[in-house]
Each structure stands twice: as structure tokens, then as C-alpha cells.
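Listed below are the residues making up each chain.
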Amino acid sequence: MAGARMIPADDGDATPLDETRLEPVRFVALTDAVLRLGILMLGAGASSARVRTTMERVGRAWGIETMNARVGMLDIVLTVSRGQLVRTRVAEVARPVVNAERIAALQRLSHEVEAEAGGSVDDFAARLDAIAARPARYGMLLRILAAGAACAAFALLNNGGWAAAVAVGVGAAAGQAVRMLLGRARLNEFLTVFVAAATALLIYLGAAQFFEVLGQPFAHDAALTSAVLFLVPGFPLVTGAMDLARLDLNAGIARVVYACLILLTAGSAVWAVAALFATSPGAVATPLLDEPVLAVMRLAAGFVGVLGFALLFATPWRIAIASAAVGAIANTARLTAVDAGLMPAVAAMAAGVLVGLGAFVCYRRLDAPRVALTVPAVVIMVPGAAAYRAIVATIDGDTLAAVQNSVQALFVVAALAIGLTVARVVSEKEWGDRSR
């Protein structure tokens, strides 16, 4: 810059003084802070719509006039403007880890900034640092037990007996332990899922053999797929469906494709182990109990299953318990309706509405994001067993069974998303506005 007086920079180079004075330092800091807020939320598993809404809330509090954010599954492209100042930033998430507690903390922080009408950017950055530095809410042992308990509950809901539930719980706990250890080693995620699924199935079959030696009757059809249901990618599957419902195709399609790839990987492990040991996950078992004992068992198993998934998602206890109560009631009603002859997809949609309305009643009282309540509650209704059976049937060349199970899984997941969407539209009129 000709004619500009020069000052020494930290590295010894000369920097034009006029350019230094023109640099919008505070605007740059605001942009970076808003972007980091979004990246932390995205990395914790929040939906794209929720990430965008939270960023815009903080931006408005700090006087940012225009904010355009393209939020994908792993990246954010943010453009903000104020007066003549315009800035675009891009950031990526290396490896998302679902953390409902972090989502809740960041959303709460955004509301506090809105109430304070902005505040200090440095203080906001420090609070983000504190949230990011929080250790995992639950230790490895509790998360292993949560996975085992959740899958054991699935075995009961899939009409397995107590012995099947115990065998599934032991296998799923072992699989979750392997999954966490390999995750810490930062191995390829699909390899991690395959090894974890194979481990869970092998341990399950070993436990099943032990019960069979003791003379306990066993039904692999009811329990084989239950042992790997801890690998069902509930957060990306549900949030992806919700993103698609809001026509956020960029993030929605990416999340759904990712979820399908995880299911395909785990399903391949199911097929490999089932073929190796000549077992079959292809049939659906009939209920072993009669009403009203069956309904009571489903309520208890549903509560434990949802609670286990909520703890895997690092959900605080009081939120996890509320989600478990809502999910258990909705799932029991869904299964009872299916037994009475209602189409599974219709029953799933009604259950999704019930979960969404229940979350609306609870989330303000608990000061919790609705996603932390709804996702664990509907994950237990995601037809993971049907998806795995479809994959196994496809590999085996059983086209009819593959199509039947695929269509069932697809329509139930779509129905759950529709139900949650209807509940949001009914309870939050502004939810239909994509800008929120």
C-alpha cells in the first residue's frame, strides 16, 4: 500500500497501519464465536435446523444483520454481514460424537446471550471453552451397562424370553466395550461397527449355547438381531429424517445415507455370523405372554430400553428418565395397536405424535432441547431388526423377504418422522418456518 506508514508485526514483517485500523476486529471475533457455537452443536449430533436456529439467535443478540448458514452433516459455511462488513467462514467437524448434554448446554447458553442482548464476546468464548472442556458425563462402565440393558430390553420387546434377554445383554455389553476401545484408537468407523457387531453376536451365541446346555429353550429368531441394536444410528437417522421434513436436503440426505451405511455394515456382520453358525434372524417370534402381563412387560422393557439409549447419548439423568417415560408409554401403545391389527406404519406415526407432544410438555419444565427427549424415545421404535433381516435376506438372495423387510423398515421410519413433524407443527407454529 503506497504511502501507508508501516508498523512491525510480531513476526518482524511490516504491516500497513491504515489496514490495521480498518480491520473489523470485533466483527471478526463475533463471526468466529458464532461459528464455533455451531460447530460444537453439530459435533454433538444436533440437527441442522437446530444448529442454524441457535447460531441465528446469538447473531441477532450481537447485532449481526444478515446471517446465512449452510449446515451440512460435517461442515458449516457461514456468511454474516453488518453494514458494509461481510465475512464468510468455513469449518468442519472431524468426528461427531452424540452428546445430548452438550446440546442442552449450548442451547441454554444461546438463550442467556439473547436475554443479555449480547454481552462480552470474550466471556462468550470462555463459556464455550468451558462447555467444550467438560469430560464425558458417564464413564465407560456405565455406558457399557446401558448398551447391554437397552439391547436386553429390545430382546424382550422382540418377544424373546428371559434367557435370550440375558444372552443379548451380555453380548451387547461386550460389543459396546469393543466399539468404545476401537473408537478411542480412531479406527475407521465402519470397521469399528463391523468388529463390534461381530463381537456382540459371538458373545451372544456363546451365552445362548450355555443356556441351551442347561436345558433352557432358546429362540435365535427373537434375539439374534437384538444383540446389535446398540449400533442403530438413532441420532443421525432421526435428525436426518427431520431435516428432510424441513426440506434441508443437504444435511438430511447425508445423515440418512450415513445411517444406512452403518446399518449395512452391522447387517453384514449379522449375515456373516449367522451363516457361519447356521442360525437365522429371518423370522419374527410370537409373544410369550398374555395381556395384561404383556403390556406391563412392554412398559418396563420400553422404559429400560429408552433409558439405556439416553445414557449412551450422554443425556442428563432427569431428562433421560423423562424421555424413558414418554417413550415407554408411546411404544407400548404402538405395539398394542399393531397387535390389534393396525398397520405398523400408522401405529408408528401415532406414536411419533405422542412422543413429540410428550416432549413438548416436558422440555420447558426440564430446560432441555426437545431432541434430547424425542430421539431416545423413538429410537426404540426404529425397526432395526427388520433392517438387519432385510440386509441378510438380500445377501442370501431371498428377494421377497428382502423387499418385505426393507419396505417395513422404510415406512416405519418415515412414519415416525411424520409423527414428530406433526407434533412440532401443532405445538410450535413457527416450526414450519425454515428460517427458525
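Rules used throughout
Residues numbered from 1 in each chain as written. Predicted model: local features only at pLDDT ≥ 70, side-chain atom pairs only at ≥ 80, totals over all residues. Heavy atoms only, no water. UniProt positions renumbered as here; feature names shortened; annotations may be inferred. Helix = DSSP H or I, 4+ residues; strand = E, 2+ residues; numbered from the N terminus. Areas by Shrake-Rupley, 256 points an atom, 1.4 Å probe, with all protein chains shown as cover. Salt bridge = Lys/Arg side-chain N within 4 Å of Asp/Glu carboxyl O. Buried < 20%, exposed > 50% of the residue type's maximum accessible area, 1.4 Å probe, protein only. Expected span 1.5 Å × (residues − 1). Contact = heavy atoms within 4.5 Å. Polar contact = N/O pair within 3.5 Å; in protein donor to acceptor, adjacent residues only side chain to side chain. Pairing = 2+ DSSP bridges. Patch = residues over 30% accessible without salt bridge, like charges linked within 9 Å, V, L, I, M, F, W, Y side chains within 5 Å. Axes fitted to C-alpha atoms, helices over the stretch in contact; angles between N-to-C directions. Parallel < 35°, antiparallel > 145°, perpendicular 65-115°, else oblique. Left-handed = near helix turned anticlockwise from the far one by under 90°. Core = buried A, V, L, I, M, F, W, Y, C linked by side-chain atoms within 4.5 Å.

The name an unreviewed UniProt entry assigns to the chain is Threonine/serine exporter family protein, from the organism Microbacterium binotii. Word for word, the UniProt comment on the chain under Subcellular location (unreviewed entry) is "Cell membrane". According to the UniProt record, the Sequence similarities (unreviewed entry) comment for the chain is "Belongs to the ThrE exporter (TC 2.A.79) family."

Visitor: So what's going on with the overall build of the chain? Residues and values would help.
Guide: Counting its regular elements, the chain contains 17 helices and 5 strands. Summed over its atoms, the accessible surface of the chain is roughly 19,300 Å², and 64% of this surface lies on carbon and sulfur atoms.

Visitor: Could you give me a rundown of the pattern of salt bridges, with the residues and numbers involved?
Guide: Oppositely charged side chains can form a pair if their charged atoms are brought close together. Scanning the model with the defined rule gives 12 salt bridges in all. One salt bridge in this structure joins Arg-127 and Asp-123, with 3.4 Å as the shortest N-O distance. With a gap of 4 residues between them, Arg-127 and Asp-123 both fall in helix α5 (residues 121-133), about one helical turn apart. Its relative accessible area of 22% is what places Arg-127 among the partly exposed residues. Asp-123 sits in the partly exposed class, given a relative accessible area of 40%.

Visitor: How would you summarise helix α4 (residues 100-115) if you had to cite specific residues and measurements?
Guide: Helix length check: α4 (16 residues) gives 23 Å between terminal C-alpha atoms against 22 Å at 1.5 Å per residue, within 8%. Elements in contact with the buried residues of α4: α2 (25-43), α3 (48-61), α5, α10 (234-245) and α15 (370-379). In this structure Asn-99 caps α4, since a side-chain oxygen of it lies 3.2 Å from the backbone nitrogen of Glu-101.

Visitor: Break down the pairing of strand β5 (residues 85-92) for me, with residues and values.
Guide: Here strand β4 (residues 75-82) pairs with β5 via 8 bridges, running antiparallel. Bridged to Leu-78 within β5 is Arg-89. With antiparallel pairing between neighbouring strands as the criterion, β4 and β5 make up a hairpin whose turn holds 2 residues, including Gly-83 at a positive phi of roughly 65 degrees.

Visitor: Give a detailed account of a nonpolar patch on the surface, specifying residues and quantitative values.
Guide: Taken together, the side chains of Phe-190, Leu-244, Leu-247, Leu-249, Ile-253, Val-257, Leu-261 and Leu-264 present a nonpolar region at the surface, about 690 Å² in accessible area. With 5 residues, the top contributor of residues to the nonpolar patch is helix α11 (residues 249-276). Here Leu-264 shows up in helix α11. Here Leu-264 falls in the partly exposed class, since its relative accessible area comes to 43%.

Visitor: Give me the packing of α15 against helix α17 (residues 399-427): which residues, what numbers.
Guide: When two helices pack together, you describe them by how their axes are tilted relative to each other and by the distance separating the axes. Contact geometry of α15 with α17 gives a least axis separation of 12 Å together with a crossing angle of 150 degrees. When the interaxial angle is binned, α15 and α17 end up roughly antiparallel. For the element pair α15 and α17, the recorded crossing hand is right-handed. Residues Arg-370, Val-371, Thr-374 and Val-378 of α15 form the contact with α17, whose participating residues are Leu-416, Leu-420, Ala-423, Arg-424 and Ser-427.

Visitor: Please set out the environment of Met-180 residue by residue, giving values where relevant.
Guide: Among the secondary structure elements, Met-180 is positioned in helix α7 (residues 162-184). On the basis of relative accessible area, Met-180 is assigned to the buried category, the value being 11%. For the pair Met-180 and Arg-143, spaced 37 residues apart in the sequence, the C-alpha separation amounts to 9.3 Å. Those residues in contact with Met-180, other than ones at most four positions away along the chain, are Met-140, Arg-143 and Ile-144.

Visitor: Account for the sheet that holds β4, with residues named and values stated.
Guide: With antiparallel pairing, the 3 strands of this open sheet are ordered in space as β3-β4-β5. Pairing within the sheet leaves two strands with one partner each, and these edge strands are β3 (66-71) and β5. Strand after strand, the sheet turns through a mean of 10 degrees between neighbouring axes, direction not considered. Here β3 runs beside β4; their pairing, made up of 6 bridges, is antiparallel. Within β4, the position partnered with Arg-70 by the bridge is Val-77. In this fold α2 packs onto β3, β4 and β5, with an angle of close to 150 degrees to the strand it touches most, β4.

Visitor: Kindly report on the side chain of Gln-176, identifying the contributing residues and their values.
Guide: Relative to the helices and strands, Gln-176 resides in helix α7. Excluding anything up to four places from it in sequence, Gln-176 contacts Arg-143, Ile-144, Ala-147, Phe-230 and Leu-312.

Visitor: I'd like to hear about the nonpolar core, residue by residue, with values.
Guide: By size, the foremost hydrophobic cluster in this structure holds 130 residues, and its most contacted members are Trp-62, Ile-76, Leu-78, Phe-124, Tyr-204, Leu-231 and Tyr-388. Of all the elements, helix α8 (residues 189-213) adds the most residues to this core, at 11 residues. Residue contacts for Leu-78: discarding those within four places in its chain leaves Thr-31, Val-34, Leu-35, Met-55, Met-67, Asn-68, Ala-69, Arg-87, Thr-88 and Arg-89.

Visitor: Can you break down α11 residue by residue, with the values?
Guide: For the α-helix, the turn length of 3.6 residues means that residues three or four positions removed from each other point alike. Here α11 is 28 residues long and its end C-alpha atoms lie 40 Å apart, about the 40 Å a rise of 1.5 Å per residue gives. Downstream of α11 by one or two residues, Ala-278 has phi in the positive range, about 55 degrees.

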